[in-house]
Amino acid sequence: MARVLIVDDSPTETHKLTTILEKNGHAVLTATSGESGVDTAREQRPDVILMDIVMPGLNGFQATRQLSKGDETSGIPIVIVTTKDQDTDRVWGMRQGARAYLTKPVDESKLLGTIEEVLA
């Protein structure tokens, strides 16, 4: 199973995603800000990253851009998981280097299927 890094400043959302992932055999790493998410991704090299957008400091779009352009992290697929559901947000997220874009609340089967897709 995959090592998944969740980057989200909401303890509730992090708990929900962690529960789904661990129940399905994935190992979970967490970060509560864009900055710590970038650092954790560089240090731990997860298989996939679930990235929130709305966070203080470095937001999810900025963190996604840094990771997708970084030499050591560009191969890690990023799935944006956010409450922002406008088409412009989706387009912008994909332009920053995300491989997929999901809106909260996330359906368990859709989340797991998306992770499988980006890892394939």
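Residues numbered from 1 in each chain as written. Predicted model: local features only at pLDDT ≥ 70, side-chain atom pairs only at ≥ 80, totals over all residues. Heavy atoms only, no water.

**Remarks on unusual backbone geometry**
For the bond running from Lys104 to Pro105, omega is -5 degrees, close enough to zero to count as cis. Here Pro105 lies in the loop between strand E5 (100-103) and helix H5 (108-119). A positive phi angle is found at Arg45, which is not glycine, with a value near 50 degrees. Inspection of the secondary structure puts Arg45 in the loop between helix H2 (34-44) and strand E3 (48-51). On the accessibility criterion, Arg45 (45% relative accessible area) is partly exposed. (Helix = DSSP H or I, 4+ residues; strand = E, 2+ residues; numbered from the N terminus. Buried < 20%, exposed > 50% of the residue type's maximum accessible area, 1.4 Å probe, protein only.)

**Things to note about the pattern of salt bridges**
Applying the stated criterion across every chain, the model contains six salt bridges. The salt bridge partner of Lys23 is Glu108, with a shortest N-O separation of 3.1 Å. Highlighted residues: Lys23 in helix H1 (residues 11-23) and Glu108 in helix H5, separated in sequence by 85 residues. A relative accessible area of 58% means that Lys23 is categorised as exposed. (Salt bridge = Lys/Arg side-chain N within 4 Å of Asp/Glu carboxyl O.)

**Regarding the packing of H1 against H5**
Taken N-terminus to C-terminus, the directions of H1 and H5 make an angle of 65 degrees; their axes are 11 Å apart at the nearest point. What the angle tells us is that H1 and H5 run roughly perpendicular. As H1 runs across H5, the sense of the crossing is right-handed. Across the interface between the two elements, Leu17, Ile20, Leu21 and Lys23 from H1 touch Glu108, Leu111, Leu112 and Ile115 from H5. Counted by class, the contact of H1 with H5 contains six nonpolar, no polar and two charged residues. (Axes fitted to C-alpha atoms, helices over the stretch in contact; angles between N-to-C directions. Parallel < 35°, antiparallel > 145°, perpendicular 65-115°, else oblique. Left-handed = near helix turned anticlockwise from the far one by under 90°. Contact = heavy atoms within 4.5 Å. Nonpolar A, V, L, I, M, F, W, Y, C, P; charged D, E, K, R; others polar.)

**Describing the nonpolar core**
If you look at the biggest cluster of nonpolar residues, it comprises 17 residues, and the most contacted ones within it are Val4, Leu21, Val48, Leu50, Val79, Leu111 and Ile115. Those elements that provide at least two residues to this core are strand E1 (3-7), H1, E3, strand E4 (78-82), E5 and H5. In terms of residue count, the dominant contributor to this core is H5 (four residues). What Val4 contacts, discounting residues up to four positions off in sequence, is Leu21, His26, Ala27, Val28, Leu29, Val48 and Leu50. Core analysis: the second largest hydrophobic core is formed by 13 residues, Ile49, Met55, Ile76 and Ile78 among them. (Core = buried A, V, L, I, M, F, W, Y, C linked by side-chain atoms within 4.5 Å.)

**Some remarks on the UniProt feature "domain: Response regulatory" (unreviewed entry) in the chain**
Residues given the UniProt feature "domain: Response regulatory" (unreviewed entry) here are residues 3-119. Helix makes up 47% of residues 3-119 and strand 20%, whereas the separation of the span's terminal C-alpha atoms amounts to 11 Å. (UniProt positions renumbered as here; feature names shortened; annotations may be inferred.)

**Some words on H2**
Inspection of H2 places Gly34, Gly37, Val38, Thr40 and Ala41 among the buried residues, and these make up the whole buried set. Looking down the long axis of H2, one finds its buried residues gathered within 165 degrees of arc, a one-sided arrangement. Residues of H2 that are buried sit in contact with E1, strand E2 (27-31), E3 and helix H3 (60-69). A positive phi of about 50 degrees marks Arg45, the residue just after H2. (Arc of directions from axis to C-beta.)

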